[in-house]
Amino acid sequence: MSDLEPLGSKEISDTGVKGIGSTIAGVGLLVVTGVAGWFGGLVGLVVGGLAFVVGASSLKSSSPADRRGGSIAMAAGAVLALPGLAKILGFIPVVGSVLRVAAGFSSFIVGAGAIGLIGFGVYNLIRFRKGLKSRT
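Notes on the structure in this doc start here.

## Description of the overall build of the chain
- For the chain, the helix and strand inventory stands at four helices and zero strands.
- The secondary structure elements of the chain, listed N-terminal to C-terminal, are α-α-α-α.
- Since a compact globule built from 136 residues should have a radius of gyration of about 14 Å, the 19 Å found for the chain marks it as more spread out than a globular shape.
- Summarising its shape, the C-alpha atoms of the chain cover approximately 65 × 30 × 25 Å along the three principal directions.
- Counting across all 136 residues of the chain, residues that qualify as buried make up 23%.
- Accessible surface for the chain amounts to roughly 8,600 Å². Of this, 75% is attributable to carbon and sulfur atoms.

## Some thoughts on helix 1 (residues 9-36)
- A rise of 1.5 Å per residue sets the reference length of helix 1, with its 28 residues, at 40 Å; its end C-alpha atoms lie 40 Å apart and thus fit the reference within 8%.
- Buried residues in helix 1 make contact with helix 2 (42-58) and helix 4 (93-135).

## Quick notes on the packing of helix 3 (residues 64-88) against helix 4
- Between helix 3 and helix 4, the shortest axis-to-axis distance is 8 Å and the interhelical angle comes to 145°. Of the two possible hands of crossing, helix 3 and helix 4 adopt the one that is left-handed. Residues Val 79, Leu 80, Leu 82, Pro 83, Leu 85 and Ala 86 of helix 3 lie in contact with helix 4, whose contacting residues are Leu 99, Arg 100, Ala 102, Ala 103, Ser 106, Ser 107 and Val 110.

## Quick look at the environment of Gly 21
- Take Gly 21: it is sitting in helix 1.
- C-alpha of Gly 21 to C-alpha of Gly 131: the two residues are 110 residues apart in sequence and 18 Å apart in space.

## Some remarks on the pattern of salt bridges
- Inspection of every chain in the model, using the stated rule, returns one salt bridge.
- Of the charged contacts in the structure, one is a salt bridge between Lys 10 and Asp 14, with a shortest N-O distance of 3.3 Å. Of this pair, Lys 10 and Asp 14 both sit in helix 1, separated by four residues, roughly a single helical turn.
- Judged by relative accessible area, which is 54%, Lys 10 ranks as exposed.
- Accessibility expressed as a relative area gives 32% for Asp 14, which makes it partly exposed.

## Examining the environment of Ala 103
- Summarising the element assignment, Ala 103 is placed in helix 4.
- Sequence-wise, Ala 103 and Lys 133 are 30 residues apart; in three dimensions their C-alpha atoms are separated by 45 Å.
- Residues in contact with Ala 103, not counting those within four places in the same chain, are Leu 82, Pro 83 and Ala 86.

## Some details on a nonpolar patch on the surface
- On the surface, Leu 42, Val 46, Leu 50 and Ile 88 cluster together into a nonpolar patch covering about 350 Å² of accessible area.
- Looking at the nonpolar patch, the element that brings in the most residues is helix 2, giving three residues.
- Within the fold, Ile 88 resides in helix 3.

Criteria and cut-off values
Residues numbered from 1 in each chain as written. Predicted model: local features only at pLDDT ≥ 70, side-chain atom pairs only at ≥ 80, totals over all residues. Heavy atoms only, no water. Helix = DSSP H or I, 4+ residues; strand = E, 2+ residues; numbered from the N terminus. Rg over C-alpha atoms; globule rule 2.2 N^0.38 Å. Buried < 20%, exposed > 50% of the residue type's maximum accessible area, 1.4 Å probe, protein only. Areas by Shrake-Rupley, 256 points an atom, 1.4 Å probe, with all protein chains shown as cover. Expected span 1.5 Å × (residues − 1). Contact = heavy atoms within 4.5 Å. Axes fitted to C-alpha atoms, helices over the stretch in contact; angles between N-to-C directions. Left-handed = near helix turned anticlockwise from the far one by under 90°. Salt bridge = Lys/Arg side-chain N within 4 Å of Asp/Glu carboxyl O. Patch = residues over 30% accessible without salt bridge, like charges linked within 9 Å, V, L, I, M, F, W, Y side chains within 5 Å.

Here it is, written out as structure tokens:
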């Protein structure tokens, strides 16, 4: 329905911010995933651990949005650290097998999330452009 009604300047700017932020986040996630596989998974383990710690520190906030963001950061940190953990602990028979399967699944989830963020960002950028055109 919002496509039929002209957008206000606040909605247009919010759409542009969402578009740029989501696109940059998706590309950044792809870059971090690519870098995380270097050095035998050590970079992924460090980046994932840092994201997990930052997310855990956000859980102390009184704002529900901060706690939700912290939970997402913790989950993303765990998913990013799994491939590195699988490479480091892969020599243990049962644990290594389980970690390798989980690492493959987590790599798929991160890639799908990155593509979803890029798609959402492009969609919002198109809406932003249409909103700007409708104002002229």
